[in-house]
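# A look at the structure
Spelled out from the first residue to the last, the chains are:
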Amino acid sequence: MASTSHEDAETVDGVHQNSWSANLEQDQHAENRALVVEEALDAVESTATGYHVNLVTHGDHGHPETYLYDELDDAFGDGIVYEYVDQCGCGGHVTRVRIVN
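Residues numbered from 1 in each chain as written. Predicted model: local features only at pLDDT ≥ 70, side-chain atom pairs only at ≥ 80, totals over all residues. Heavy atoms only, no water.

Let us now look at the pairing of strand β3 (residues 80-87). Sheet topology note: the β3/strand β4 (residues 93-99) ladder contains seven bridges and is antiparallel. Across the sheet, the residue bridging to Y84 is T95, located in β4. The antiparallel hairpin formed by β3 and β4 contains five residues in its connecting segment, where G91 sits at a positive phi of about 105 degrees. (Pairing = 2+ DSSP bridges. Helix = DSSP H or I, 4+ residues; strand = E, 2+ residues; numbered from the N terminus.)

Written out as structure tokens, the structure reads:
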């Protein structure tokens, strides 16, 4: 599986008709877990069906399983499939979210 780093990540902007990575590990994200969740949900909404978004979340908040996965389930239910990919060398975490419908 290909590795994703924060250097490859983009800010959330428009609808992506391809697979991409959302950078949620900037300074403002370290200070605000709610912002990470909000922008992660926006990133998923901004990804077209059949593609995935790698959510690169700030390491200061720990493993995304503890604060993000329930939010994804509540917002998108069976419309997505997600998996934990890896922890970046910088301490951030990568969760791949595939849009299935």
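Moving on from the model shown.
What follows is about the state of the cysteines. Scanning all chains against the criterion turns up zero disulfides. Unpaired in this structure, C88 has its nearest cysteine sulfur neighbour in C90, at a distance of 4.5 Å. By relative accessible area, which is 47% here, C90 ends up partly exposed. (Disulfide = S-S within 2.5 Å. Buried < 20%, exposed > 50% of the residue type's maximum accessible area, 1.4 Å probe, protein only.)

This paragraph deals with the pairing of strand β1 (residues 20-24). It is a general feature of regular strands that their side chains alternate between the two faces of the sheet. Among the five residues of β1, five are classified as buried, and the element is accordingly described as predominantly covered. Of the two faces of β1, both are covered, the one formed by W20, A22 and L24 as well as the one formed by S21 and N23. The sheet contact formed by β1 and strand β2 (residues 52-57) spans five bridges and is parallel. Its bridge partner lying in β2, A22 is registered against L55.

Read from one edge to the other, the open sheet built from four strands follows the order β1-β2-β4-β3, with strand pairing classed as mixed. The sheet terminates laterally at β1 and β3, the two strands that pair on one side only. Adjacent strand axes in the sheet meet at a mean angle of 20 degrees when their direction is disregarded. Sheet contacts for helix α2 (residues 33-45): β1, β2, β3 and β4; angle to β2, the most-contacted strand, approximately 165 degrees. Here helix α3 (residues 69-76) sits on the sheet and contacts β2, β3 and β4; the angle it forms with β3, its principal contact strand, is near 160 degrees. (Axes fitted to C-alpha atoms, helices over the stretch in contact; angles between N-to-C directions. Contact = heavy atoms within 4.5 Å.)

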